[in-house]
Amino acid sequence: MKRTLAVVLGSLLLAPLGANAAEESGQLFGNPVMKASPLTEAELAERKANFEAMLERNDWVMIGDQVLPREAVHGLTNAPEPSAAPTEWDLPPHRSTIFLNFNGASLTSGNNAALNKSPCVDAPIDYPGFSGTEQQALALINVFETKMEPYGVRLAYEKRPPAHLPYAMVMMGGTPGLLGMSPGVLGVSCSADCGDGYWRDLTFAFTDNLNGNNTETLGNIALHEAAHAFGLAHIAGPEHMMYPFANPGNKEWADNCVTYDDSTGGINCNYTHEQFCGDGAEQQNTAAELFAYFGANSVDAEPPVVNIVSPEDGLELTPGSSVQVAVEVSDNHEGYGWKLVMPNQDVELVAYDFETTWDLNKLPEGEYVIRVEAIDHERNESFDEVTVYVGTEAPATTGDDSDTSGDTSGDTSGDSGATTGDTAGDDDDDDDDDDDDASAGGDSLGETGTDSAGMCVDGECDEGCGCASHEGDGWPTGGWMIALLGLAALPRRRR
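Residues numbered from 1 in each chain as written. Predicted model: local features only at pLDDT ≥ 70, side-chain atom pairs only at ≥ 80, totals over all residues. Heavy atoms only, no water.

1. Focus: the sheet that holds strand β8 (residues 117-118)
Strand pairing in a sheet is mediated by backbone hydrogen bonds. Such pairs are either parallel or antiparallel. Reading across from one edge, β8-β7-β9 is the order of the three strands in this open sheet, with mixed pairing throughout. The sheet terminates laterally at β8 and β9 (125-127), the two strands that pair on one side only. Of the pairings in the sheet, the one linking strand β7 (residues 105-109) to β9 comprises three bridges and is antiparallel in character. Counterpart to A105 in the pairing with β9 is Y127. (Pairing = 2+ DSSP bridges. Helix = DSSP H or I, 4+ residues; strand = E, 2+ residues; numbered from the N terminus.)

If you want it as structure tokens, here you go:
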């Protein structure tokens, strides 16, 4: 008989987190906490019906604490593995950041943590933050710090990372009914990103469902859901972090091949797990996969390298001309991100799809400073910039022609490489999305469109502007990667 996922036994269900604890201060980590009005029975029923309709519409299934395409679940279908699946892991590790969002956010449908988008959200929703105390929140954070310390993963919780840094997010609050799910679910991942090929997943830990004093269990649930977004599956053994049922006590990553536990209805990414445990093994080596995905923890004091290949600095154009910006970005660790900024035109385009070219079309007269900024997970930053003159002459000298790049790495000593590096060196970044409302999109987060002067930037332009759009809607590269989450296309992974 199959069990319902995350049905918590005994005293854990005696008392949920008390909302009054957060209401007294109204803040956590110096930021306001979003509240949600209680839903009526009719509203809960409506959300449940909408959620189930969304699953049917997309041919998705909810297996325990995961929402997945039916065809991606081993055991539910006999779909073959991707024809290009490698026999062993051949991708380099990448650094990562997990943002624990205790303050809530306005969520919409999609699949990008930086834009507050989740495939589990069918309609816009103001999702509440953590209703416990700051001390309780710190205890949950401690679980992440302790369990992720061996790996190249950083944590953030006081301040949202800047949008151009690829990061995952865990919503640390609320109840499953807000999304239309049954009361017994304590957390959910709407992404089984095999091999962590996509770096902007959003998951949920429904902390209002449990006694706030059970912080170790709450932390385990939240980390369990984040790990599903890495592509990890359920395994047997209540001592393991990926055991499918919540129970009190210390949990560990299994450092040997452990048999799957499909009690909740199927296993995701089985062909990936086989690369670490053998073909047809029906097992998962959790620690080995984490090291393969993220590498070992170490200090990273080296900023990314940015080089604008074109246009050349000081280029002169006639009004109405077009120009393509091409850039090369690299770093000593995979996982870094970048964005195009044109401060004079109030343009900021985040390279969510790892774009390295942008088309600037029909440029009006003016002086255009074009800057590309890059950042890694230690918050080391660098940039390169050029200036283009449209309908006006460049000055006799444009400054030091030897190198226009800059290193803005700032404080790289931070946490000396520990996973407790919460936004180290980030306090001086004016581009951070501090308000937890990044889902508003808009120009500040790099949506394509036009600036106030009517310049066309890489797509979605004013009528008659004649812009060319970028190739921004691809799935992760590597033909072996299962295309998950049909609601929103995943940007391609860098190789």
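2. Some words on unusual backbone geometry
A cis geometry characterises the amide bond from S310 onward to P311, with omega recorded as 0°. Phi is positive for N116, which is not a glycine, with a value near 55°. In this fold, N116 is placed in the loop between β7 and β8. Given a relative accessible area of 0%, N116 falls into the buried group. Even without glycine at this site, C269 takes up a positive phi of about 60°. As for its position among the elements, C269 is in the loop between β15 (267-268) and α5 (270-277). A relative accessible area of 1% means that C269 is categorised as buried. (Buried < 20%, exposed > 50% of the residue type's maximum accessible area, 1.4 Å probe, protein only.)

3. Things to note about the environment of K147
By secondary structure assignment, the location of K147 is in helix α3 (residues 134-148). Classification of K147 by relative accessible area gives buried; the value is 9%. In contact with K147, not counting residues within four places along its chain, are L223, M241, N250, K251, E252 and W253. Within the structure, the side chain of K147 is placed 2.7 Å from the side chain of N250, a separation counted as a polar contact. (Contact = heavy atoms within 4.5 Å. Polar contact = N/O pair within 3.5 Å; in protein donor to acceptor, adjacent residues only side chain to side chain.)

4. Observations concerning helix α6 (residues 286-294)
Side chains three or four residues apart in an α-helix point the same way, a direct result of the helix having 3.6 residues per turn. Of all nine residues in α6, seven are buried; the element is thus mostly enclosed. Turning to α6, its buried residues number three or more, namely T286, A287, E289, L290, A292, Y293 and F294. Within two residues after α6, G295 carries a phi angle of roughly 75°, on the positive side.

5. Topic: empty space enclosed by the protein
Using the criterion set out here, one finds six cavities of 30 Å³ or more in the structure. Every residue lining the second largest cavity is counted, 16 residues in all, and those nearest its centre are A168, D196, D201, A229 and F230. Looking at the lining of the second largest cavity, the elements that each hand over two or more residues are β6 (96-101), β11 (168-172), β13 (202-205) and α4 (215-230). Residues belonging to the lining of the second largest cavity are distributed by class as follows: eleven nonpolar, three polar and two charged. (1 Å grid on protein atoms, 1.4 Å probe; cavity = no way out; pocket = protein on both sides within 12 Å on 5 of 7 lines; lining within 4 Å. Points joined across faces, edges and corners; volume = space filled by probe spheres on them. Nonpolar A, V, L, I, M, F, W, Y, C, P; charged D, E, K, R; others polar.)

6. A word on the pairing of strand β4 (residues 66-69)
Residues in a regular strand point their side chains to alternate faces of the sheet. Examined bridge by bridge, strand β3 (residues 60-63) and β4 share four bridges and lie antiparallel to one another. Bridging across to β4, M62 finds its partner in V67. Counted along the chain from β3 to the antiparallel partner β4, the turn is two residues long, and its residue G64 has a positive phi close to 65°.

7. As for the pairing of strand β23 (residues 366-375)
When you tally the buried positions in β23, you get seven out of ten residues, the bulk of the element. As defined by bridge partners, strand β20 (residues 337-342) adjoins β23 across five bridges and the pair is classed as antiparallel. Bridge pairing in β23 links W338 to A374. Hairpin remark: β23 followed by strand β24 (residues 381-390), antiparallel, with five residues in the connecting loop; positive phi at R379, about 65°.

That's the geometry; what it means functionally is another story.
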